[in-house]
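Letter by letter, the chains look like this.
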Amino acid sequence: MVRVAVVKYPDIRQRTKKALDLIGGIERVVGKGDRVFIKPNLVDGAPFVTGEVVQLETMEVLVQESFNAGASEVLIGETPTYKKPTDTIRSYERLAERLGARFLDLSEHPYVKVKVEDPVLFDEVKLSKPLLDSDVFIDVPTLKTHCQCGITVAIKNMYGLIPPEDRRYYHAIDRVEEAIIDLYKARSPDLILVDGTYTTFHIGPRPLTDFKETFRLDLTLAGFDPVAVDTVSARLLGIEPSTLRFLRWAEEKDLGTGNIDEIEVIGTPFEEAYYGKAVDMVDFVNARTRHSRILNFGACTGCLRLAVEVLRVCDPISRDRKFVYVMGPNVNEEELRKHVKPDETVILCGYCAAPTFYNNLEGHFVPGCPPEPEMLSVKLKEILYGNHID
Ligand code: SF4
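What you see is a predicted model, and the numbers here were worked out from it, not measured in a lab.

To continue, consider the sheet that holds strand β8 (residues 144–146). The strands making up a sheet are joined through hydrogen bonds of the backbone, oriented either antiparallel or parallel. A sheet is described by the order of its strands in space; here 3 strands give the open sequence β9-β8-β11, paired in mixed fashion. The outermost strands of the open sheet, each flanked by one partner alone, are β9 (150–152) and β11 (201–202). Across 2 bridges, the pairing between β8 and β11 is parallel. When the bridges of β11 are listed, Thr145 appears paired with Phe201.

In the vicinity of the ligand, the contacting residues are Ala299, Cys300, Gly302, Cys303, Met327, Gly328, Pro329, Gly350, Tyr351, Cys352, Cys369 and Pro370. Split into classes, the residues belonging to the shell around the ligand amount to 9 nonpolar, 3 polar and no charged.

Each neighbour pair has its own omega, and for Cys369 with Pro370 the value is -5°, a cis peptide bond. The phi dihedral of Asp174 falls on the positive side, at around 60°, and the residue is not glycine. Look at Asp174 and you get partly exposed, because 14 C-beta atoms sit within 10 Å. We note that Asn360 has phi near 55°; this positive angle belongs to a residue other than glycine. With respect to the helices and strands, Asn360 occurs in the loop between β16 (344–349) and β17 (364–366). The exposed category is assigned to Asn360, around which 11 C-beta atoms lie within 10 Å.

Here we take up helix α8 (residues 245–252). Those residues of α8 that fall on the buried side of the exposure criterion are Arg245, Phe246, Leu247 and Ala250. Phi turns positive one or two residues past the end of α8, at Asp254, with a value near 65°.

One can read the domain layout of the chain as domain 1 (2–273) and domain 2 (281–385). Each of domain 1 and domain 2 was reduced to a C-alpha centroid, and the two centroids are 33 Å apart. Counting residues at the interface gives 12 residues for domain 1 and 11 residues for domain 2. Its residues assigned to classes, the side of domain 1 that touches domain 2 comprises 5 nonpolar, 3 polar and 4 charged.

Time to look at helix α7 (residues 226–236). Burial analysis of α7 places 10 of its 11 residues in the buried class, the great majority of the element. Regarding α7, the residues found buried are Pro226, Val227, Ala228, Val229, Asp230, Thr231, Val232, Ser233, Ala234 and Leu236. Immediately beyond the C-terminal end of α7, within one or two residues, lies Gly238, with a positive phi of roughly 75°.

Scoring rules and cut-offs
Residues numbered from 1 in each chain as written. Predicted model: local features only at pLDDT ≥ 70, side-chain atom pairs only at ≥ 80, totals over all residues. Pairing = 2+ DSSP bridges. Helix = DSSP H or I, 4+ residues; strand = E, 2+ residues; numbered from the N terminus. Near = placed C-beta within 6 Å. Nonpolar A, V, L, I, M, F, W, Y, C, P; charged D, E, K, R; others polar. Buried ≥ 20, exposed ≤ 12 C-beta atoms within 10 Å, placed from the backbone. Domains from an automatic or database assignment. Contact = placed C-beta atoms within 7 Å.

Structural data, given as structure tokens:
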């Protein structure tokens, strides 16, 4: 049985300490003289109230506990996605100084090539040298839903340990889910502690006024198995873990178990910690588009990541027409009739929604499993302007 600690409590310090105690204390991984590397999610250096970044109190407990367990050095590191340090980053720098730790902007340090055995896609990746030179690696993500991966918790947090150009490259070739598994295989953390003080939806930097999906949860999770931690995290946010491709791949690559019968949640009972259905990429996009809607019938993240294309590319060029993008394996004719309005044009996305003899679906079709995102706008232009592209 794999154990994942879940603690719901308003005080962040006490909650973090309790979660560590439940899994046997930080001493299980930190010993005398160890150099400890802690990777918080500090994406964009966003303000703490957005829920985008790990709360300072969580980091304070982890640093103190590491020193109490005998660590000789504690490093806190992240490859920044911000152009210059924000107030949040300055708070981290001050905290590190006060506690005798060091805060590292990893882009100012070397990255080292690491071979990946049995990768999903990348047989070589680059990781931060200070991380690789450390004895203990503690992965400290937040508890968020995400525009490409479905959730960003334990496994996705690896993305902050690579060179900025690699981040851009994996995004540009649309292989983020593959990359995070191979990065995790290259250097797996020894301990995962999730700061779920808030949950939010991550899609990149945005103004404070746009954070309508941030909610206070007062949760902390801790564990050693990234697949189990991400599975419990997804379930707490009402996201079906089997729709997350990267999590399936992680299990296939023996990074851990997503089998709920093999995971024991200790601490706060799951039902008490359960948030309900968090805003996912479909909800986020549907709340912001004027001409487009997505109907999701159980799609996996392969098709769900098309939502970003709908928001950023398709919706602005839709003219005065209304479009509904349909995806997922559970769609059928009856359901579609129920949900589609007379003035909407249907675009079926991916082979799961393919028009077949069995499902009798009608509409324009974008093939693929998953379809390439840009094929959505190609199809849309074809419908709007009638220029057929072979
Ligand atoms: S078509 Fe492929 S990518 Fe899309 S929902 Fe189905 S299985 Fe997932």
